[in-house]
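Each chain is listed here by its residues.
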Amino acid sequence: MKYFPLIWRNLLRRKVRTIFTLASVFIAFVLYSFLMVVQNAFSMGVEVAGVDRLVLMHKVSLIQLLPVSYADRIRGTEGVTHVGHSTWFGGMYQDKATQFAVMAVDPAYFQLYPEARIQQEQLQAWLADRQGVIVGRTTATRYGWNIGDKIPIQATIWQPKQGNTWFFNVDGIYDADRGFDTSNFFFHYEYLDENRRGAYGQVGWYVLRIDDPSHAADVAARLDAQFANSSAETKTSTEKAFLQGFVNQVGNIKAIIISILAAVLFTLFLLVLANTMAQSVRERTSELAVLKTLGFSNGLVLGLVLVESILMALLGGGLGLAITYFAVEGGSFNNALLPVFIMRSRDIAIGIALCCALGVVAGAFPAMTAMRLRITDALRRT
Amino acid sequence: MIRRWLSQTLAVSALSVRTIPQRASSSAVAMIGIAGVVIVFVAVLSIGEGFRAAMADASAPDRAIVMRTGADSEMTSGLPGLEVQVIEQAPGLLRVNNRPIASAELYVLVDLNKRSTGTAANVPLRGIGAEALEVRNEAHIVDGRMFQFGTNEAIVGRGANRQFSGVDLGSEFMSGNLRLRVVGIFESNGSVGETEIWCDSHLIQGVYERGNSYQSVLAKLDSPAAFDTFKNWLTTNPQLNVQVQREGDYYAQQSQVMSSLIRGIGYTIAVLMGVGAVFGAILTMYTAVSTRTREIATLRALGFNTASVLISVLAESLALAAIGGLLGGLTAYVAFNGYQTSTMNFQTFSQVAFAFRVTRTLMIQGVSYALMMGLVGGLMPAIKAARLPIATALRQL
């Protein structure tokens, strides 16, 4: 620690160079954070998926509907504790395709998702109101909706018996911890089924909770066996696997993100920092020789250069991580298509570890040069 | 006067560009930095470009698509068979021997495994009418033969065949209770159509319990100009509840969300990386100026004017940027152009197979961006060089 002033002085020796090196390293880590946030968004909540929840859908594809009568048979299946169903509505709001997921659900739906926090009286109001809707905080804030507002949604799939517009009353607004999607729009399945022009008694998919996550595979197999050879065969998977399936459909986002990250870290971080450290050591040849003459060991000289490199990496990189973290927390990335924008603590930890590792790599070669310096040669050269 | 100024500037610029190899390591930082930005910029946008092209190439100016009012895609539309019969009477629709050239179609999804991940993906299955290949005259069979109507035969697009397993020529696959036999592979300009599987529309009506209903009618018009006649007749007809779009507009709308998402992310990354690369370039150019302090001061002492010194530094920076930009653009072209992949279109939840497209416009954009980075990166160091006080600079070192 007592050598810290020496290292600090070295950083300040060429202020312009230090500032631009730090700036480049800073940008590299703003990008790192941005890419992590994008990757998290594309993973669509797979990480926070409930381990005790299963999704039961039509075997052919998600767009095929299932009879509402399955609910009782699912409830009666061993291992199942709660059942709810959901039907995709889509729709248009303000002449654009809705920028939030609109779904018709049954009253039990919120029991399946304890992550969605909603005040008891709001939930009661919703249960009592046929045209009621519960919306997520993100969407309510975005459109300035308050409890009691009437929201018109134009039909795309489900046309009402009259006209082309459905009306809903905002009865409640739900919140959730970061990572859980708070942009959804939930209304009553009964209201949909009574007023649409066909497909009566059909629902999109079922969500169910089981008593023991370790039995998930058994319960899923039991359910699918039960509906085998019926007109609507089913496919049951854990919520995680279901979401992962969606993520895989989008493509290998992770590979793309990692390739971009590699390019960013190599060009903006490693190359710039290594060059700066090399220049810095070259300029200080005679000084380093003097230090060695004074009795600084080779190891200590090596350490000083490495610490200088790591310090720059941490200063620039840490600032980049911090600024992006606060920007994300402040909600400046929130958008409709990818509603979950988070930076996980794991991303930050990996970022800091990357800073240190790349700092060592960038400083390694110059530090070795400094360590191997022979006093007589170095002093003669100047 | 001007000629002397010009020749001075050229001489000094040539000197600084020619001596770049002497500052190889620091020059490499700027060059590789800029090349890296251009690679990422071009590569990310080539994804968006490829996706857009796959959607745009699916359309022709003389085709129109008819769906139920309010439907935002074929997936959400529904047309009773009776309405289809009325649609086929519309003026403006091309007729050959009194036969309307239009195809009433159904569009559903089937689960097939993606070859790359081995997991299920929503692949579009299109039920087509007898005139479908006359309507889409760019589609043609490249392997095997066309399916026979009235049987459970199907043809598979080149893209679907490449991206998903279980749909090779001669194989059979199940979708629910529907067993389909692949008898042909078709191509269609590399467009989104090639991600689809086509079979007789009546098969889908039966298995998917659609009765006598369809989802869309794709119509070939007498000419692109006949669209308004066609549309007006249909939308004012009280028997119908439909909307009519030019096919190009329909696909542009279907690709909008995905394209703007890719572009948004791509530009954000490119701008941030560009700022970082400018910092790298500034560092490089400061180093270049400071190692050449004595040289520059000597030139000034000999009577070379400040402007020529300033421009020479900018020229060096631009030269590095140009090399970096070209290097990056070419690398991106070699590495990514034509790379085959598929993704899910968020608007229809269905798969779209496409190839990355590194277009000439993208390359030009990449190199222009590189030059901009070089210009901005060289500016401050250039001003510093031009302002160098001759006496102190010569005394230094």
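Conventions and cut-offs
Residues numbered from 1 in each chain as written. Chains lettered and ligands numbered in written order. Predicted model: local features only at pLDDT ≥ 70, side-chain atom pairs only at ≥ 80, totals over all residues. Heavy atoms only, no water. Phe/Tyr/Trp six-rings, centres within 6.5 Å; stacked < 30°, edge-to-face > 60°. Helix = DSSP H or I, 4+ residues; strand = E, 2+ residues; numbered from the N terminus. Buried < 20%, exposed > 50% of the residue type's maximum accessible area, 1.4 Å probe, protein only. Lys NZ or Arg CZ within 6 Å of the ring centre and 35° of its normal. Axes fitted to C-alpha atoms, helices over the stretch in contact; angles between N-to-C directions. Parallel < 35°, antiparallel > 145°, perpendicular 65-115°, else oblique. Left-handed = near helix turned anticlockwise from the far one by under 90°. Contact = heavy atoms within 4.5 Å. Nonpolar A, V, L, I, M, F, W, Y, C, P; charged D, E, K, R; others polar. Pairing = 2+ DSSP bridges. Salt bridge = Lys/Arg side-chain N within 4 Å of Asp/Glu carboxyl O. Core = buried A, V, L, I, M, F, W, Y, C linked by side-chain atoms within 4.5 Å. Domains from an automatic or database assignment. pLDDT = per-residue confidence, 0-100. Buried area = accessible area lost by both parts, 1.4 Å probe. Polar contact = N/O pair within 3.5 Å; in protein donor to acceptor, adjacent residues only side chain to side chain. Expected span 1.5 Å × (residues − 1). Bend = angle between axes of the 7 residues up to and from the residue.

Q: How would you summarise the packing of aromatic side chains if you had to cite specific residues and measurements?
A: All names here are of chain A. Scanning all chains against the criterion turns up 43 aromatic pairs over all chains. Aromatic pair Trp166 and Tyr191: ring centres 5.5 Å apart, planes at 85 degrees, arrangement edge-to-face. Here the residue Trp166 occupies a position in strand β9 (residues 165–174), and Tyr191 occupies one in helix α7 (residues 189–195), the gap between them amounting to 25 residues. The same class applies to Trp166 as to Tyr191, namely buried. Between Phe168 and Tyr191 the ring centres are 5.8 Å apart and the planes differ by 80 degrees, which places this aromatic pair in the edge-to-face class. Remark: Tyr191 occurs in helix α7 and Phe168 occurs in strand β9; sequence separation between them is 23 residues. By the burial criterion, Phe168 is buried, and Tyr191 matches it. Counting every residue linked through ring pairs, the aromatic cluster contains Phe89, Tyr93, Phe100, Tyr143, Trp145, Trp166, Phe168, Phe185, Phe187 and Tyr191. Positioned above the aromatic ring of Tyr70 is the side chain of Arg73, whose terminal nitrogen or guanidinium carbon lies 5.8 Å from the ring centre.

Q: Would you mind going over the packing of helix α10 (residues 253–283) of chain A against helix α12 (residues 298–329) of chain A in detail, with residue names and values included?
A: Residues and elements named next belong to chain A. Remark: α10 packs on α12, axes separated minimally by 11 Å, with the N-to-C direction vectors making an angle of 140 degrees. Looking at the two axes, α10 sits oblique to α12. For the pair α10 and α12, the sense of crossing is right-handed. Along its contact with α10, which presents Phe269, Leu273, Thr276, Met277, Ser280 and Val281, the element α12 presents Val305, Glu308, Ser309, Met312 and Ala313. By residue class, the composition of the contact of α10 with α12 is 7 nonpolar, 3 polar and 1 charged.

Q: Please provide a residue-by-residue account of the pairing of strand β5 (residues 102–113) of chain B, values included.
A: Residue and element names in this part refer to chain B. Judged by how many residues are buried, β5 sits mostly within the fold: 11 of 12 residues are covered. The pairing of β5 with strand β6 (residues 120–128) spans 8 bridges and is classified as antiparallel. Across the sheet, residue Val108 finds its bridge partner in β6, namely Leu125. Between β5 and β6, which pair antiparallel one after the other, the connecting turn spans 6 residues, and Gly118 there sits at a positive phi close to 75 degrees.

Q: Describe the pattern of salt bridges, with residues and values.
A: The tally for this structure, following the rule as stated, stands at 34 salt bridges over all chains. Note that A:Glu283 and A:Arg14 form a salt bridge whose closest N and O atoms lie 3.4 Å from each other. A residue pair is termed long-range when its members are at least 10 positions apart, and A:Glu283 in helix α10 and A:Arg14 in the loop between α1 (4–13) and α2 (15–42) qualify at 269 residues. Residue classification places A:Glu283 among the partly exposed positions, given a relative accessible area of 33%. You can call A:Arg14 partly exposed: its relative accessible area is 39%. For B:Arg63, the salt bridge goes to B:Glu247, with nearest N and O atoms at 2.6 Å. With B:Arg63 in strand β1 (residues 63–68) and B:Glu247 in helix α8 (residues 247–291), this residue pair connects regions lying 184 residues apart in the sequence.

Q: Report on the nonpolar core, specifying residues and quantitative values.
A: Judged by nonpolar contacts, the single largest core of 129 residues is most densely connected at A:Phe269, B:Ile269 and B:Met373. In this structure, this core is formed jointly by two domains, domain 1 (4–45 + 252–381) and domain 2 (60–232) of chain A, each of which donates at least three residues. Ignoring any residue separated from it by four or fewer positions in sequence, one finds B:Met373 in contact with B:Ile34, B:Val37, B:Val38, B:Gly274, B:Ala277 and B:Val278. Counting residues in each nonpolar core, the second largest holds 44 residues, with B:Val66, B:Ile197, B:Leu234 and B:Val244 among its members.

Q: Hey, could you go over the confidence of the model for chain B for me, with residue numbers and the actual values?
A: Overall, the prediction assigns chain B a mean pLDDT of 90, with 99% of residues at 70 or greater. Quick note on the complex model: pTM equals 0.84, ipTM equals 0.83.

Q: Lay out the interface of chain A and chain B in plain terms, naming residues and giving numbers.
A: The interface of chain A with chain B comprises 50 residues on the first partner and 56 residues on the second. Of the roughly 4100 Å² buried where chain A meets chain B, counting both sides, 71% is carbon and sulfur surface. The partner of A:Lys235 in a salt bridge is B:Asp111, with the nearest N and O atoms 2.4 Å apart. Scanning the region where chain A abuts chain B turns up 12 residue pairs in polar contact (both at pLDDT 80 or more). By residue class, the composition of the side of chain A that touches chain B is 29 nonpolar, 16 polar and 5 charged.

Q: Before we move on, could you go through α8(B) and cite the residues and values that matter?
A: Taking 1.5 Å of rise per residue, 45 residues should cover 66 Å, and α8(B) covers 62 Å from first to last C-alpha, within 8% of that figure. If you look at α8(B), its biggest bend is around 50 degrees, right at B:Gln256.

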